[in-house]
Amino acid sequence: HYDTDTECLVNLFEKETIDNIISLLDGMYCYVIYDTITQQFILSRDMIGEKGLYYYQNKDFFIASSEIQPILLYCKKRNHLIRNMNAKFSPNYFIN
C-alpha cells in the first residue's frame, strides 16, 4: 500500500522498464525521474497531453514543471530555450 502517487511511481521505476511503466499508468500525469545509474533525466507525460510538461536546461541547471510560469520566473528572459513536451509524439524523453 502506498500513501502517494510518487511512492508508487518510484517503486515501479525500481522494478519495471520505462515502456512497462507507461503501459501500467492510466489517467493524466507527468513526471520527471533522475536515473542515478544512467545519469539521465526521464520525462514523461500522458499520451493525450492533458498535463503539460515543460523544461529548461543549460550546462549547470535543469528545471521541469507542469506549468511554464515557474520556468519563466527562473529564466527571467523569455528567449531562453523552452520546450513544450506536448509537442512531442513519444511519451518519454531522455536527457543526458
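Refer to the preceding data block for the structure.
Residues numbered from 1 in each chain as written. Predicted model: local features only at pLDDT ≥ 70, side-chain atom pairs only at ≥ 80, totals over all residues. Heavy atoms only, no water.

Undergrad: Would you mind going over the overall build of the protein in detail, with residue names and values included?
TA: From N to C terminus, the protein includes three helices and six strands. When the helices and strands of the protein are placed in sequence order, the string is α-α-β-β-β-β-α-β-β. The burial tally for the protein puts 33% of its 96 residues in the buried class. Expressed as a percentage of contacts within the protein between residues at least 6 apart in sequence, the contacts between residues at least 24 apart total 40%. (Helix = DSSP H or I, 4+ residues; strand = E, 2+ residues; numbered from the N terminus. Buried < 20%, exposed > 50% of the residue type's maximum accessible area, 1.4 Å probe, protein only. Contact = heavy atoms within 4.5 Å.)

Undergrad: Before we move on, could you go through the packing of aromatic side chains and cite the residues and values that matter?
TA: Any two aromatic rings considered together are summarised by their centre-to-centre distance and by the angle between their planes. Overall, the coordinates contain four aromatic pairs when judged by the stated rule. Between the aromatic rings of Phe41 and Phe62, the centroid separation amounts to 4.0 Å while the plane-to-plane angle is 20°, which identifies the pairing as stacked. You can see Phe41 sitting in strand 2 (residues 40-45) and its partner Phe62 sitting in strand 4 (residues 62-65), a full 21 residues away along the chain. Here Tyr55 and Phe62 contribute two aromatic rings whose centre-to-centre distance is 6.0 Å and whose plane-to-plane angle is 25°, an arrangement assigned as stacked. An identical accessibility class is assigned to Tyr55 and Phe62; each is buried. The rings of Tyr34, Phe41, Tyr55 and Phe62 are connected pair by pair, giving a single aromatic cluster. (Phe/Tyr/Trp six-rings, centres within 6.5 Å; stacked < 30°, edge-to-face > 60°.)

These figures capture arrangement, not role.
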